[in-house]
Amino acid sequence: MEELDYNIVEEAAKQLYIKALCDLPPDVREALKKAYARETNPAARSVFEAMFKAIDIADSKKTLLCQDTGLPIYKVRIGSQYAWNGAKIKKALYEGAKRATQEFPFRSSSTHTITRLNPQTSVGPGLPVTYFDFTEDSDELDILMVPKGSGSENMSKMQMFYPQHGIKAVKKFILDTVIESGANPCPPGIIGVGLGGTADLVMKLAKDAITRPVGQRHPDPMIAAMEVELEEAINATGRGPMGLGGDVSCLAVHIEYAYTHITQNPVAVNTQCWPARRARAIITPAGNVTYGF
Amino acid sequence: MSKVHHLTSPFSESVIRSLHAGDIVYFDGPLFGIRDLTQIHIFDKGNRPPVSLEGMPCIHTAPSLRRVGDKWEKICVGTTTSTRMDRFTPGLIGEYGVRAIIGKGGLYQGSLEAMKKYGAVYLAIVGGAAALETEQIEEVEAVYFEELHPEALYRFRVKNFGPLTVAMDSHGVHLYEQVGEKIKEKLPEIYAKLGVL
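Residues numbered from 1 in each chain as written. Chains lettered and ligands numbered in written order. Predicted model: local features only at pLDDT ≥ 70, side-chain atom pairs only at ≥ 80, totals over all residues.

Scanning chain A from N- to C-terminus turns up eight helices and nine strands. Computed over the C-alpha atoms, the radius of gyration of chain A is 19 Å, within 12% of the 19 Å expected from 2.2 N^0.38 for a compact globule of 293 residues. With the principal axes as the frame, chain A shows a C-alpha extent of 55 × 50 × 40 Å. Put simply, chain A has 293 residues, and 49% of those count as buried. (Helix = DSSP H or I, 4+ residues; strand = E, 2+ residues; numbered from the N terminus. Rg over C-alpha atoms; globule rule 2.2 N^0.38 Å. Buried ≥ 20, exposed ≤ 12 C-beta atoms within 10 Å, placed from the backbone.)

As structure tokens, this is what we get:
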């Protein structure tokens, strides 16, 4: 078995960060268009029109849609029909994120959490955030890149409810969290929800939820129904685009769940702003790279 | 019914008083960029800006600029959340004559009072749309307190800058609070429908 050139992975990691910042996924564009079509508030409509203009400019000038370059997150799925070197993949992601920042160049939003020193590389201890998963039936390397902006990330919240509180408390918590975030997370975005698991897993599930393409429902009908119910409740608030009032307050609610402990009932909310940015690369063992979302 | 206004900066008090919450504004002319450090430098450390801000709009930003010779070129200019900088706003309006604060997320009651007293407004921009903002900035005309870059004091020249929503006006109307009040009124019904009461 021939060894892959990990420079290809590094180059893909670089291109993915840039692509994610400049090229909004088609499902998000579509969701914004549908939202605009049902928005009746004139001021809210002008907010949507500005969003579309910004998207057009980012497309035509190959420039950043939003100035917040976010914290870089890479979710990697490694196929098992080919030998991949995990440590080399991790190193390539680190170098790719750093090169994107310095070679594009764009602002690094990553800083030391105590000294607040920003070396303008987007990387450092713990960054980029990397997740690895493995799949049986593929020989490909699948890399999903998400730059996570701060206006929305700062609104994240989790709560360890008890079983006696039931799903009622969970639903109320989700709605209240969205209401409290107000205009800060640049609505209307994707409301990511995690249910179950452990304290760390529940937030990871909420983060997974924001990366699901808008328009896709959870395969479990019970969860899908809950997504619809919460979307309706959030849109009924009238918070509107950028929190200035209107019919559309979120593009979608996405829920991911896991089994949990018999004494636990955890919930987490992780919001994604309207520029719900992500980009994907599929790398074959021969080193061919296909970019998408 | 909300109106659309096409204005030129600097603004007079009467023009600002004619704006009402919910109106849409576009403008041409000078625009000053400020952020946390700029205002700490002015208000906490007592450094007067070396340029008049009388009648001017100020935007909450930290621009990505590139220096080419003695000129500054724009790379990406976007807007940051305003609430962090609320405490400086009455000073900008009362002491320096600023007539419009541009940002996202809004400001608090003290700022609203100053807007009412002196004649100023808060204009909400569309967050996340930095590509559009950058396009509407024609030139970086000057950078003051340069050592604070990217949180210096910037003088941009803008063309058809907007759309901006009048979110706090000089008549004491606070759009974000109005929206919040309406949500409170509707909430019992929304909770009931969701079955969480």
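After that view of the structure, there is still more to cover.
With that settled, consider the confidence of the model for chain B. Averaged over every residue, the pLDDT of chain B is 96; residues scoring 70 or more account for 99%. Across the interfaces of the predicted complex, the ipTM metric reaches 0.92, alongside a pTM of 0.95. (pLDDT = per-residue confidence, 0-100.)

Moving on to the pairing of strand β5 (residues 189-197) of chain A. All names here are of chain A. Taken across its nine residues, β5 has eight buried, putting it largely inside the fold. Relative to strand β6 (residues 250-260), β5 is paired through eight bridges, and the arrangement is parallel. Counted as the bridge partner of isoleucine 191 is valine 253 from β6. Pairing of β5 with strand β7 (residues 265-272), which is carried by six bridges, proceeds in the antiparallel orientation. Within the sheet, the bridge partner assigned to valine 193 lies in β7 and is valine 269. (Pairing = 2+ DSSP bridges.)

This part takes up unusual backbone geometry. The omega torsion across A:Leu127 and A:Pro128 is 0°, close enough to zero to call that bond cis. The omega torsion across B:Ser9 and B:Pro10 is -5°, close enough to zero to call that bond cis. Within the fold, B:Pro10 resides in the loop between β1 (4-8) and α1 (13-17). Backbone geometry at A:Gln120 places phi at a positive 60°, although glycine is not the residue there. One can find A:Gln120 in the loop between α4 (86-103) and β2 (129-135).

We now examine the interface of chain B and chain A. Tallying the contact residues gives 35 residues for chain B and 42 residues for chain A. The dominant element in the side of chain B that touches chain A, judged by the number of residues it contributes, is helix α6 (residues 175-194) of chain B, at 10 residues. Residue classes in the side of chain B that touches chain A are distributed as 19 nonpolar, 11 polar and five charged. (Contact = placed C-beta atoms within 7 Å. Nonpolar A, V, L, I, M, F, W, Y, C, P; charged D, E, K, R; others polar.)

Right, let's talk about α6(B) for a bit. Compared with the 28 Å implied by 1.5 Å per residue over 20 residues, the 27 Å span of α6(B) between its first and last C-alpha is a close match. Along α6(B), the largest kink reaches about 45° and is centred on B:Lys186; proline B:Pro188 follows within four residues of it. Buried residues of α6(B): B:Leu175, B:Tyr176, B:Val179 and B:Leu194, and no others. Along its buried surface, α6(B) packs onto α6 (166-181) and α8 (221-236) of chain A together with β9 (153-168) of chain B. Taken from the residues just after α6(B), B:Gly195 is the one with a positive phi, measuring 70°. (Expected span 1.5 Å × (residues − 1). Bend = angle between axes of the 7 residues up to and from the residue.)

Residue and element names in this part refer to chain A. Reading across from one edge, β4-β7-β5-β6 is the order of the four strands in this open sheet, with mixed pairing throughout. With one partner strand each, in any of the chains shown, β4 (157-161) and β6 form the two edges of the open sheet. Neighbour-to-neighbour, the strand axes of the sheet open up by a mean angle of 15°, direction not taken into account. Inspection of the sheet shows β4 paired to β7 by five bridges, in the antiparallel sense. Directly across from methionine 160, in β7, lies its bridge partner proline 266. Across the sheet, α8 is in contact with β5 and β6; its angle to β6 comes to roughly 140°. (Axes fitted to C-alpha atoms, helices over the stretch in contact; angles between N-to-C directions.)

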